[in-house]
Amino acid sequence: MRSSIFLLFLFCSAAPLLAQRLSARDAAAIRQVLAVQQDAWNRGDLEVFMQGYVQSDSLAFVGKNGPVFGWQATLERYRRSYPDRAAMGELRFEVIRLERLGRRSAYLIGSWHLTRSIGDAGGYFTLIFTKERSGWQIRCDHTS
């Protein structure tokens, strides 16, 4: 009886954690979004980089200068902040945590680092992904 109660307690305690796990397929797809973005950035191709974001006015990007809403406004912000290859440098992402939020949403905490001739830069970011018809895309990006 005691062991049954213990097993029931263990299962009930672990159930919320198990519900938050992403499938290996979804985790790989989200990591692939970052890989494509990193490669595009390192080629200087902001349009391909932006394909990782949901192309919608509901996209939110929050940086040190405050929030920007919408896909086009986010692209323009990147163009202003990184006007040339020297400013863009070489980007490297690192995933720190990736977890499911809901059936069709997940969040990712990571770090970014730019190696540049004009001085390196880096920080951390939190991304909220939603699973769209075209696959996983970033709906909200908070980068510091």
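Data block above holds the structure.
In this report, we go over the structure that sits alongside the text.

Rules and cut-offs
- Residues numbered from 1 in each chain as written.
- Predicted model: local features only at pLDDT ≥ 70, side-chain atom pairs only at ≥ 80, totals over all residues.
- Heavy atoms only, no water.
- 1 Å grid on protein atoms, 1.4 Å probe; cavity = no way out; pocket = protein on both sides within 12 Å on 5 of 7 lines; lining within 4 Å.
- Points joined across faces, edges and corners; volume = space filled by probe spheres on them.
- Helix = DSSP H or I, 4+ residues; strand = E, 2+ residues; numbered from the N terminus.
- Nonpolar A, V, L, I, M, F, W, Y, C, P; charged D, E, K, R; others polar.
- Phe/Tyr/Trp six-rings, centres within 6.5 Å; stacked < 30°, edge-to-face > 60°.
- Buried < 20%, exposed > 50% of the residue type's maximum accessible area, 1.4 Å probe, protein only.
- Expected span 1.5 Å × (residues − 1).
- Pairing = 2+ DSSP bridges.
- Axes fitted to C-alpha atoms, helices over the stretch in contact; angles between N-to-C directions.
- Salt bridge = Lys/Arg side-chain N within 4 Å of Asp/Glu carboxyl O.

**A look at the layout of surface pockets**
Right, on to step 1. In this structure, the largest pocket encloses a volume near 470 Å³.
Right, on to step 2. Lining the largest pocket are 24 residues, with Phe61, Arg77, Tyr82, Trp112 and Thr143 sitting closest to its centre.
Right, on to step 3. Only α2 (24-43), β1 (60-63), α4 (71-81), β3 (90-102), β4 (105-115), β5 (121-132) and β6 (135-143) provide two or more residues apiece to the lining of the largest pocket.
Right, on to step 4. At four residues, β5 tops the list of elements feeding residues into the lining of the largest pocket.
Right, on to step 5. Here the residues of the lining of the largest pocket sort into 14 nonpolar, seven polar and three charged.

**Quick look at the packing of aromatic side chains**
Aromatic rings considered in pairs are described by the distance between their centres and by the relative angle of their planes.
Right, on to step 1. This model, assessed by the stated rule, comprises nine aromatic pairs.
Right, on to step 2. Between Trp41 and Tyr78 the ring centres are 5.9 Å apart and the planes differ by 75 degrees, which places this aromatic pair in the edge-to-face class. Here Trp41, found in helix α2, pairs with Tyr78, found in helix α4; they are 37 residues apart in sequence, far enough to count as distant. Comparing Trp41 with Tyr78, the two get one shared label, buried.
Right, on to step 3. A connected cluster of aromatic rings, assembled from ring pairs, spans Trp41, Phe49, Tyr53, Phe61, Tyr78 and Tyr82.

**Some words on α2**
One full turn of an α-helix is made of 3.6 residues, so residues set three or four places apart face in the same direction.
Right, on to step 1. A rise of 1.5 Å per residue sets the reference length of α2, with its 20 residues, at 28 Å; its end C-alpha atoms lie 28 Å apart and thus fit the reference within 8%.
Right, on to step 2. Where α2 ends, the next residue or the one after it, Gly44, has phi of about 80 degrees, a positive value.

**Some remarks on the sheet that holds β3**
Right, on to step 1. In space, the six strands of this open sheet follow the order β2-β1-β6-β5-β4-β3, with mixed pairing throughout. The sheet terminates laterally at β2 (66-69) and β3, the two strands that pair on one side only. Between one strand axis and the next, the sheet turns through 25 degrees on average, direction left out of account.
Right, on to step 2. Bridging between β4 and β5 involves ten bridges; their strand directions are antiparallel. Note that in β5 the partner of Ser111 across the bridge is Tyr124.

**Points about the pattern of salt bridges**
Right, on to step 1. In this structure the tally under the stated criterion is five salt bridges.
Right, on to step 2. Among the salt bridges present, the one from Lys131 reaches Asp26, with a minimum N-O distance of 3.1 Å. Of this pair, Lys131 sits in strand β5 while Asp26 sits in helix α2, placing them 105 residues apart in sequence.
Right, on to step 3. Overall, Lys131 belongs to the partly exposed group, its relative accessible area being 31%.
Right, on to step 4. According to the relative accessible area criterion, Asp26 is buried, its value standing at 9%.
Right, on to step 5. With a closest N to O distance of 2.8 Å, Arg139 and Glu132 form a salt bridge.
Right, on to step 6. Classification of Arg139 by relative accessible area gives partly exposed; the value is 24%.
Right, on to step 7. A relative accessible area of 24% means that Glu132 is categorised as partly exposed.
Right, on to step 8. One salt-bridge network, in which partners are shared between bridges, spans Asp26, Arg100 and Lys131.

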